[in-house]
Amino acid sequence: MGRRSRNATALVLGALLALGAVTPAAAEEKRPSVKNAAKEGAKTGGRTAKEGVLAFGRSTKAFFTGGPKAAKEAWKAGAAKTKRTAKAGARTTKKAARGE
C-alpha cells in the first residue's frame, strides 16, 4: 500500500466518522437548557456564599474561645468545606448546562 493510498484511506475514514457523528439520533437528543444552568449556577453561588460565611463565623468563634491557632484550624476546615461545596455545585451546573 502506497503513501497516497494510505492518505486517501485515512481521509475517507475521517469523513465517514465525521458524518457518523451528525446523525438524526443526535439531533433528537435533549437540548441543554440555559435557564436550568442559570438556576443551578445561582444555587451554587448561594450555597458557596453560605459556607463561606459559616466558615468565617466558626473561625471568629474559635479565635475568641481558643486563640489564633484554633481560629486558623477552623478557617482551614471551613475553607475546605466551602471548596467541596463549590466543586459539587459546579458539577451539577455543568450537568444542567449539558441537559443531563
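Residues numbered from 1 in each chain as written. Predicted model: local features only at pLDDT ≥ 70, side-chain atom pairs only at ≥ 80, totals over all residues. Heavy atoms only, no water.

Asks: Break down the overall build of the chain for me, with residues and values.
Replies: When helices and strands are counted, the chain shows four helices and zero strands. Helices and strands in the chain line up, N terminus first, as α-α-α-α. Burial analysis of the chain (100 residues in total) assigns 16% to the buried set. Of the accessible surface of the chain, which amounts to about 8000 Å², a share of 64% is contributed by carbon and sulfur atoms. (Helix = DSSP H or I, 4+ residues; strand = E, 2+ residues; numbered from the N terminus. Buried < 20%, exposed > 50% of the residue type's maximum accessible area, 1.4 Å probe, protein only. Areas by Shrake-Rupley, 256 points an atom, 1.4 Å probe, with all protein chains shown as cover.)

Asks: Provide a residue-level description of helix 4 (residues 68-98), including the pertinent values.
Replies: An ideal rise of 1.5 Å per residue puts 45 Å on 31 residues; helix 4 measures up with 45 Å between its terminal C-alpha atoms. The set of residues buried in helix 4 consists of Ala71, Gly78, Thr82, Gly89, Thr93 and Ala96. Elements that come into contact with the buried residues of helix 4 comprise helix 3 (34-66). Looking one or two residues beyond helix 4, the residue adopting positive phi is Gly99, at roughly 85 degrees. (Expected span 1.5 Å × (residues − 1). Contact = heavy atoms within 4.5 Å.)

Asks: Can you break down the side chain of Thr48 residue by residue, with the values?
Replies: With respect to the element layout, Thr48 can be found in helix 3. A distance of 2.8 Å separates the side chain of Thr48 from the backbone oxygen of Thr44, its partner in a polar contact. Non-local contacts of Thr48, meaning those with residues more than four positions away in its chain, are made with Thr82, Thr85 and Ala86. (Polar contact = N/O pair within 3.5 Å; in protein donor to acceptor, adjacent residues only side chain to side chain.)

Asks: If you had to explain the environment of Ala80 to someone new, which residues and values would you point to?
Replies: Mapping Ala80 onto the fold places it in helix 4. Between the alpha carbons of Ala80 and Glu51 there is a distance of 9.9 Å; along the sequence they are 29 residues apart.

Asks: Lay out the environment of Ala38 in plain terms, naming residues and giving numbers.
Replies: For Ala38, the position within the fold is in helix 3. The spatial distance from the C-alpha of Ala38 to the C-alpha of Thr93 is 7.8 Å, given a sequence separation of 55 residues.

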